[in-house]
Amino acid sequence: MILVTGGCGYIGSHTVVELLKNNYEVIVIDNFSNSKRDVLDKIKTITNKDFKFYEGNVCDKNTLKTVFENNKIDGVIHFAGFKAVGESVEKPLMYYRNNLDSTLTLLEVMSDYNCKKIVFSSSATVYGEAKETRFVETMKKGIPSNPYGKTKNVIEDILEDLYTSDPTWSITMLRYFNPVGSHTSGLIGDDPSGIPNNLMPYILRVAIGELECLTIFGNDYDTPDGTCIRDYIHVVDLALGHIKALEQLFNLESGIKIYNLGSGRGISVTEIVTTFERVNNLKLNYKYGSRRKGDLPSICADPTLALKELGWKCEKTLDDMCRDAYNFIQKQRN
Ligand code: NAD
Ligand code: UD1
């Protein structure tokens, strides 16, 4: 049985769908701090399968103990955490408290119940402001520019220390690049409350007329078209990466692993905008503006290790990402 913390969120819900499709027995715990209850029914509609759900805070030890006491949990995928970069700068304590507390509490309870297999949601942000534009797992970690990123760095360190102290653990840290897109059903996806900070949710709001105009942050970077380059990954590919990581956890006796989950292909902001317009047959209202503080010109994954050791690579295209994301937002608003 697999426990998924934060399984009602954007990446968690897509991963639960793939777990159920792969016949895993799933338990989800979420406190809906950044998700909606109806995601549960949507996952059931997509998969035609049921799963157990606990509403609760992963920081609460008693709640977690109840979950472990009443279920035979073989492994955990830990998504629960806060993720908004800007908000983390304004509310650092809230970010450190939630992201670190949830992880420490979870690891303590797992230890108590002798469940020692965990997949952790890390991020490309741990590379910090690296000079390189292609990130490989063997690179030294950098210093992220914001508290959110720093929590990921610290949690990676905690997991390393835990493994050093007790090598019977199996730990996999997945460093996500830029997840976008939605399940093809259009039932689940990324629709943050308030004005989005991330590119694709912003594009979607402009596409459906809820926001007037997309500002492309900078077109004077040293990149082929002057706009920033990122490695965008379809969320379903990302979810499948978790299935592969889990399979490996159950095949290996123990160990600690780090994998980049990205496509390995850099895509510029302008390329996303023009692809979105073409695929969805519409015109986006956009303009070029000044650079956003803290943005790096070009970031791309080297996903070689994930292919070699997990047999995983991205299968979906930028066209798929743009089409599925737009399908989701239209269904949401109808
Ligand atoms: P999300 O906010 O959509 O999902 C997180 C879920 O966890 C939400 O449903 C929220 O209600 C829940 N949650 C948060 N704190 C909790 C707590 N203490 N107890 C119980 N539930 C709690 O985020 P996401 O995009 O699905 O991201 C999942 C994970 O992946 C996060 O750890 C995030 O930092 C990491 N990540 C995300 C991205 C991205 O671009 N989305 C990139 C890199 C890493
Ligand atoms: C950001 C975070 C990263 C986090 C990720 C996913 C920073 C420095 N990094 O990555 O830690 O893991 O989100 O949550 O904040 N863009 C525009 N106009 C917009 C919005 C974005 O041009 O309105 C551009 C940005 O300049 C960037 C690209 O689109 O070049 C992607 O931006 P975004 O989706 O915010 O992701 P990152 O900045 O790569």
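Preceding this section is the structure that the text describes.
Residues numbered from 1 in each chain as written. Chains lettered and ligands numbered in written order. Predicted model: local features only at pLDDT ≥ 70, side-chain atom pairs only at ≥ 80, totals over all residues. Heavy atoms only, no water.

J.: Explain the overall build of the chain here, please?
T.: A count of helical and extended segments in the chain gives eleven helices and 15 strands. Compactness check: the chain gives a C-alpha radius of gyration of 19 Å against a globular reference of 20 Å for 334 residues, within 12% of the reference. Going through the 334 residues of the chain one by one, you find that 56% of them count as buried. Of all intrachain contacts in the chain linking residues separated by at least 6 positions in sequence, the fraction that spans at least 24 positions is 79%. Of the roughly 15000 Å² of accessible surface on the chain, a fraction of 48% belongs to carbon and sulfur atoms. (Helix = DSSP H or I, 4+ residues; strand = E, 2+ residues; numbered from the N terminus. Rg over C-alpha atoms; globule rule 2.2 N^0.38 Å. Buried < 20%, exposed > 50% of the residue type's maximum accessible area, 1.4 Å probe, protein only. Contact = heavy atoms within 4.5 Å. Areas by Shrake-Rupley, 256 points an atom, 1.4 Å probe, with all protein chains shown as cover.)

J.: Before we go on, may I ask you to explain the site of ligand 2 in this structure?
T.: Inspection of the region around ligand 2 gives 19 residues, with Leu199, Thr215, Arg230, Arg292 and Asp295 positioned closest. Within the backbone of Thr215, an N or O atom sits 2.8 Å from a nitrogen atom of ligand 2. For ligand 2, an oxygen atom lies 2.7 Å from a polar atom in the side chain of Arg230. Notes on ligand 2: free accessible area 740 Å², of which the protein chains cover 86%. Elements with a minimum of two residues in the shell around ligand 2: α7 (199-207) and β9 (214-217). Per-class residue counts for the shell around ligand 2 are ten nonpolar, six polar and three charged. (Near = heavy atom within 4 Å. Polar contact = N/O pair within 3.5 Å; in protein donor to acceptor, adjacent residues only side chain to side chain. Nonpolar A, V, L, I, M, F, W, Y, C, P; charged D, E, K, R; others polar.)

J.: Could you clarify how one ought to interpret the site of ligand 1 in this entry?
T.: Around ligand 1, the structure places 28 residues, and the nearest of them are Ile11, Asp30, Asn34, Ser35 and Asn57. One nitrogen or oxygen atom from the side chain of Asn31 is found 3.1 Å from a nitrogen atom belonging to ligand 1. Residue Ser33 places a main-chain N or O atom 3.0 Å away from an oxygen atom belonging to ligand 1. Burial of ligand 1 by the protein amounts to 94% of the accessible area it has alone, namely 830 Å². Where the shell around ligand 1 is concerned, the elements lending two or more residues are α1 (10-21), β5 (117-123) and α6 (147-165). Across the shell around ligand 1, the residue classes tally to eleven nonpolar, 14 polar and three charged.

J.: Teacher, can you tell me more about the pairing of strand β2 (residues 26-30) here?
T.: Two faces, one strand: in a regular strand the side chains alternate between the faces of the sheet. Buried residues dominate β2, accounting for five of its five residues. Neither face of β2 is left uncovered, since the one carrying Val26, Val28 and Asp30 and the one carrying Ile27 and Ile29 both have all their residues buried. Examined bridge by bridge, strand β1 (residues 2-5) and β2 share four bridges and lie parallel to one another. Counted as the bridge partner of Leu3 is Ile27 from β2. Crossover β1 to β2 through α1 is right-handed. Looking at chain direction, β2 and strand β3 (residues 52-55) are connected through four bridges and run parallel. Following the sheet pairing, Ile27 is matched in β3 by Lys52. Between β2 and its parallel partner β3, the chain crosses via helix α2 (residues 39-47), and the hand of that crossover is right-handed. (Pairing = 2+ DSSP bridges. Right-handed = clockwise from strand over helix to strand, strands pointing away.)

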